[in-house]
Amino acid sequence: MSITSPMQTADGALSNNPIPLEKDALLAAYRTMRTIRDFEERLHVEFAKGDIPGFVHLYAGEEACATGIMMHLTDSDRIASTHRGHGHCIAKGVDVEEMMAEIYGKSSGSCRGKGGSMHIADLSKGMMGANGILGAGAPLICGAALAAKCRGDGGVGITFFGDGAANQGTVLESMNLAAVWNLPVIFVLENNGYAEATSVTYATGVDNFLDRAHGFGLPGVSVDGTDFFAVHKAAGELIAKARAGGGPALLECKMVRFYGHFEGDSQTYKAKGENDFNRLNRDCLKIFADRVTAAGIVSDAEIALMDREVANLIDDAVSSAKSAPQPTPQELTSDVYVSY
Ligand SMILES: Cc1ncc(C[n+]2csc(CCOP(=O)(O)OP(=O)(O)O)c2C)c(N)n1
Ligand SMILES: [Mg+2]
């Protein structure tokens, strides 16, 4: 049974749409979004101390997208992620302590410390990997979706890519291939308005990304990616259709990133006050919490309790990552090359 109560929309107006999830699912969604946010906020602090090797791209601000989509998936559904992949990993169920250790390059990490932030993978969770190559997830997921289609198991594949990667040939070729083979793939375009320092309007030849999908014969839906409920509903419909053999689709989520492109980015290309405005008005966690508490389904105390639990989880993850051993030189080539 879903609960009917007024919901506040992003512009502050009240909508009478029912909140379409049971309380347990709402709490689970909040926990996932809060875990991603705290993971990223903490990485922001820890990275500045200089102990974390490599590059880190934070997903803070974009949590509703990964969470709203992944709630429709099981471990046997596959996802292919991006360079900004921590949120996708957490929402797909990858262990948070192992992820943190991976980012610190430690042997207890998801990939034994060999991948780092941009190569976290966990095939047991259907997480085929973050990816440092823009647009590389799209052909990967076509392969996974073709395998699911051949097995006839109803599995789906989701590939995430940004507004910049949307211009990569690999993404466009994959859309065509998915249409031709009627693959169970959802192409999720995470449009946060920037590719590094380049604005989406500068770099894109169409005003509407859905026109691209239509050009390949794919249906497309565009939603406010800061609204968990909008993402969850659109993703649910597209995923159910793909599972039933209805073919691929594009889902565009319009969203904001709270931090720079990478940690250390001076963000001079953003408007003055842009980050503050987004934190105040386009914070998907706040929008979600306001709705479910205003509707009387979840209490402020329940939100506060979950915030404390997640804060402890992240504290533990950082402490254990810091104290975990480095990989030994003897491990250098294990799990890296396959011997044919
Ligand atoms: C094939 C390729 N070209 C260029 C890069 C360098 N690069 C890394 S991230 C990035 C911008 C990505 O922007 P977008 O796809 O919008 O994702 P966002 O960072 O906004 O999440 C670029 C150009 C790369 N990693 N791979
Ligand atoms: Mg972008």
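The protein carries the name Thiamine pyrophosphate-dependent dehydrogenase E1 component subunit alpha in an unreviewed UniProt entry, which gives Xanthobacter aminoxidans as its organism. UniProt annotates the protein under Catalytic activity (unreviewed entry) with the comment "N(6)-[(R)-lipoyl]-L-lysyl-[protein] + pyruvate + H(+) = N(6)-[(R)-S(8)-acetyldihydrolipoyl]-L-lysyl-[protein] + CO2". Comment text from UniProt for the protein, heading Function (unreviewed entry), reads "The pyruvate dehydrogenase complex catalyzes the overall conversion of pyruvate to acetyl-CoA and CO(2). It contains multiple copies of three enzymatic components: pyruvate dehydrogenase (E1), dihydrolipoamide acetyltransferase (E2) and lipoamide dehydrogenase (E3)."

## Quick look at the coordination of the magnesium ion (ligand 2)
The magnesium ion (ligand 2) binds to the protein through D163 (OD), N192 (OD1) and Y194 (O), with metal-donor distances spanning 2.1 to 2.2 Å. Sequence spacing of the donors to the magnesium ion (ligand 2): D-x28-N-x1-Y. With D163 in the loop between strand 4 (157–162) and helix 6 (169–180) and N192 in the loop between strand 5 (185–191) and strand 6 (194–195), the pair connects residues that are 29 residues apart, well separated along the chain. Classification of N192 by relative accessible area gives buried; the value is 10%.

## Some points on empty space enclosed by the protein
All chains considered together, the criterion is met by three cavities of 30 Å³ or more. Taken as a whole, the largest cavity spans an internal volume of roughly 70 Å³. In terms of lining, the largest cavity is formed by 13 residues, of which the most central are T82, I133, L134, G135 and F160. Broken down by element, the lining of the largest cavity gets its largest block of residues, three residues, from strand 4. When the residues that make up the lining of the largest cavity are grouped by side-chain class, the tally is six nonpolar, seven polar and no charged.

## A word on the side chain of T67
Its location among the elements puts T67 in helix 2 (residues 63–70). Excluding its chain neighbours within four sequence positions, the residues that come into contact with T67 are A29, T32, M33, I36, A91 and F228.

## A closer look at the pairing of strand 4
Along strand 4, six of the six residues are buried, which leaves the element largely enclosed by surrounding structure. Neither face of strand 4 is left uncovered, since the one carrying G157, T159 and F161 and the one carrying I158, F160 and G162 both have all their residues buried. Relative to strand 4, strand 3 (residues 78–80) runs parallel, the two sharing three bridges. What sits directly across from R78, in strand 4, is G157. Sheet topology places strand 4 next to strand 5; six bridges connect them, and they run parallel.

Conventions used here
- Every chain is numbered on its own, with residues counted from 1 as its sequence reads.
- All chains are assigned letters beginning at A, and all ligands numbers beginning at 1, according to the order in which they are written.
- In view of the model being predicted, local features appear only for residues whose pLDDT reaches at least 70, and side-chain atom pairs are presented and counted only at 80 or more, with totals across whole chains, interfaces and linings using the full set of residues.
- To obtain the side-chain values, all non-hydrogen atoms of the structure were included, while hydrogens and water were left out.
- UniProt positions are given in the numbering used here, feature names are shortened, and annotations may be inferred rather than shown by experiment.
- Metal coordination here is assigned from N, O and S atoms located within 2.8 Å of the ion, or within 3.2 Å for Na, K and Ca; omission of water means that sites may look incomplete.
- Strands are runs of DSSP state E lasting at least 2 residues, helices are runs of H or I lasting at least 4, and numbering of each runs from the N terminus.
- Summary of the burial criterion: residues with accessible area below 20% of their type's maximum are buried, those above 50% are exposed, and those between are partly exposed, where the area comes from a 1.4 Å probe applied to protein chains only.
- Within this scheme a cavity is a closed region of a 1 Å grid, computed over the protein atoms alone, that accommodates a 1.4 Å probe without allowing it to escape, whereas a pocket is open but has protein on both sides within 12 Å along at least five of seven lines; lining residues each have an atom within 4 Å of a point.
- Grid points are joined across faces, edges and corners, and a volume is the space filled by probe spheres set on the points.
- In this count, Pro and Cys sit with the nonpolar residues alongside Ala, Val, Leu, Ile, Met, Phe, Trp and Tyr, while Asp, Glu, Lys and Arg are called charged and the others, Gly among them, polar.
- What makes two residues a contact is simply this: any of their non-hydrogen atoms within 4.5 Å.
- Strand pairing follows a simple DSSP-based rule, namely that at least 2 bridges must link the two strands.

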